[in-house]
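# Coordinates in review
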Amino acid sequence: MLFTGFFINHKESKELSVLKQNELVKIRVNNLTKKFGDLTVLNNINFTIKKGELLAIVGPTGCGKTTFLNCLSKLMPTTEGEILIDGEAADPRKHNISYVFQEPTCLPWRTVRENVAYGMEIKGVPRAERMKRADEIMALVGLSSCANLYPNQVSASMMQRIAVSRAFAVRPDLLLMDEPYGQLDVKLRYYLEDELVNLWRTVGSTVLFVTHNIEEAVYVAERVLVLTNKPTSVKQEVVIDLPRPRDLVDPKFVELRRQVTDLIRWW
Ligand SMILES: Nc1ncnc2c1ncn2[C@@H]1O[C@H](COP(=O)(O)OP(=O)(O)OP(=O)(O)O)[C@@H](O)[C@H]1O
Ligand SMILES: [Mg+2]
């Protein structure tokens, strides 16, 4: 009896712990392979992302970072394997996903303000709330003065800020960012890195942040995923267990940045 009792409890606790683990997982990538004709880009990729995690992905140019985000957001079909969000096949109609593309896109016939509000419009946020949130976020990123201009009247950095604002304003459950700060000057980049961290902490979004900038990855992320060259797999994960706000010259920060840099040297 005692043995059986123990056995049942043990089994139950094992099942419970599996259930609990699943509850904590936001994205599960199982044996993901993506080919374009004969070219294998992503090669049997496996990893998970926890709910509410801010994960940075770094990898050599052309290794398939954008392709991965495109597969995740269903803009592209996968060749093999699966991507699950909350335990279900990724589905942008069901999951509240925002995607900041590597090439910022704007609707040319809409003003800057209407472009910032566009994502909220799609999600059905009422007009008054849309405009309020758009104005708040434009003030944060320094776009207020060009709210009534059209995209062809603004600079590349402003276009990027519009794309970032549009994504933030939706308060997404899952935020995909593909080198979102590449066009920005250093000061604005630092500022928006902090804004991203603030948003992530207040909204609790799960964030996937693709970047070439190692310092940026170590500054914002809880974990950095380093990818290999094509055919691409996960080379290593580096956990960034530093308190926030992070200090760029803290010896622990410098050491983690060095670790990621060393992994990248061997691409
Ligand atoms: N639609 C497509 N058809 C054919 N090949 C493609 C397509 N999209 C991407 N590729 C190829 O897949 C590979 C991965 O491209 P991808 O843009 O995902 O790389 P990346 O890691 O985002 O690069 P970067 O760091 O330069 O942004 C490249 O070799 C690219 O040429
Ligand atoms: Mg890319």
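Residues numbered from 1 in each chain as written. Chains lettered and ligands numbered in written order. Predicted model: local features only at pLDDT ≥ 70, side-chain atom pairs only at ≥ 80, totals over all residues. Heavy atoms only, no water.

### A look at the coordination of the magnesium ion (ligand 2)
Around the magnesium ion (ligand 2), the protein supplies Thr66 (OG1) and Gln102 (OE1) as donor atoms, at distances of 2.0 to 2.2 Å. Of this pair, Thr66 sits in helix H2 (residues 65-72) while Gln102 is found in the loop between strand E6 (97-100) and helix H3 (112-122), placing the two residues 36 residues apart along the sequence. Looking at Thr66, the relative accessible area reads 28%, which means it is partly exposed. According to the relative accessible area criterion, Gln102 is partly exposed, its value standing at 32%. (Donors = N, O, S within 2.8 Å, 3.2 Å for Na, K, Ca; no water. Helix = DSSP H or I, 4+ residues; strand = E, 2+ residues; numbered from the N terminus. Buried < 20%, exposed > 50% of the residue type's maximum accessible area, 1.4 Å probe, protein only.)

### What to know about the domain arrangement of the chain
By the assigned domains, the chain splits into domain 1 (33-96 + 172-267) and domain 2 (106-171). Inter-centroid distance (C-alpha atoms) of domain 1 to domain 2 is 24 Å. If you look at the interface, domain 1 gives 19 residues, while domain 2 gives 12 residues. Across the domain 1/domain 2 interface, buried area totals approximately 1300 Å², and carbon plus sulfur atoms make up 67% of it. Every element with two or more residues in the side of domain 1 that touches domain 2 is listed here: strand E7 (174-178) and helix H6 (186-203). With 7 residues, the top contributor of residues to the side of domain 1 that touches domain 2 is H6. For the side of domain 1 that touches domain 2, the class distribution of residues is 12 nonpolar, 4 polar and 3 charged. (Domains from an automatic or database assignment. Contact = heavy atoms within 4.5 Å. Buried area = accessible area lost by both parts, 1.4 Å probe. Nonpolar A, V, L, I, M, F, W, Y, C, P; charged D, E, K, R; others polar.)

### Re the pairing of strand E10 (residues 234-239)
If a strand is regular, its side chains alternate between the two faces of the sheet. Note: strand E9 (residues 223-227) against E10, 5 bridges, orientation antiparallel. Within the sheet, the bridge partner assigned to Leu227 lies in E10 and is Val234. (Pairing = 2+ DSSP bridges.)

### A look at the sheet that holds E9
Ordered in space as E6-E7-E8-E3-E9-E10, the 6 strands form an open sheet in which the pairing is mixed. Strand pairing shows two members of the sheet lacking a second neighbour, E6 and E10, which therefore form its edges. Pairwise comparison of adjacent strand axes, ignoring direction, gives a mean angle of 15 degrees for this sheet. (Axes fitted to C-alpha atoms, helices over the stretch in contact; angles between N-to-C directions.)

### Let's talk about the site of ligand 1
As a structural note, the neighbourhood of ligand 1 is formed by 15 residues, with Thr61, Gly62, Lys65, Thr66 and Thr67 the closest of them. Residue Cys63 places a main-chain N or O atom 3.2 Å away from an oxygen atom belonging to ligand 1. In the model, an oxygen atom of ligand 1 is placed 2.9 Å from a nitrogen or oxygen of the Gly64 main chain. The protein chains hide 63% of the 640 Å² of surface that ligand 1 would expose on its own. (Near = heavy atom within 4 Å. Polar contact = N/O pair within 3.5 Å; in protein donor to acceptor, adjacent residues only side chain to side chain. Areas by Shrake-Rupley, 256 points an atom, 1.4 Å probe, with all protein chains shown as cover.)

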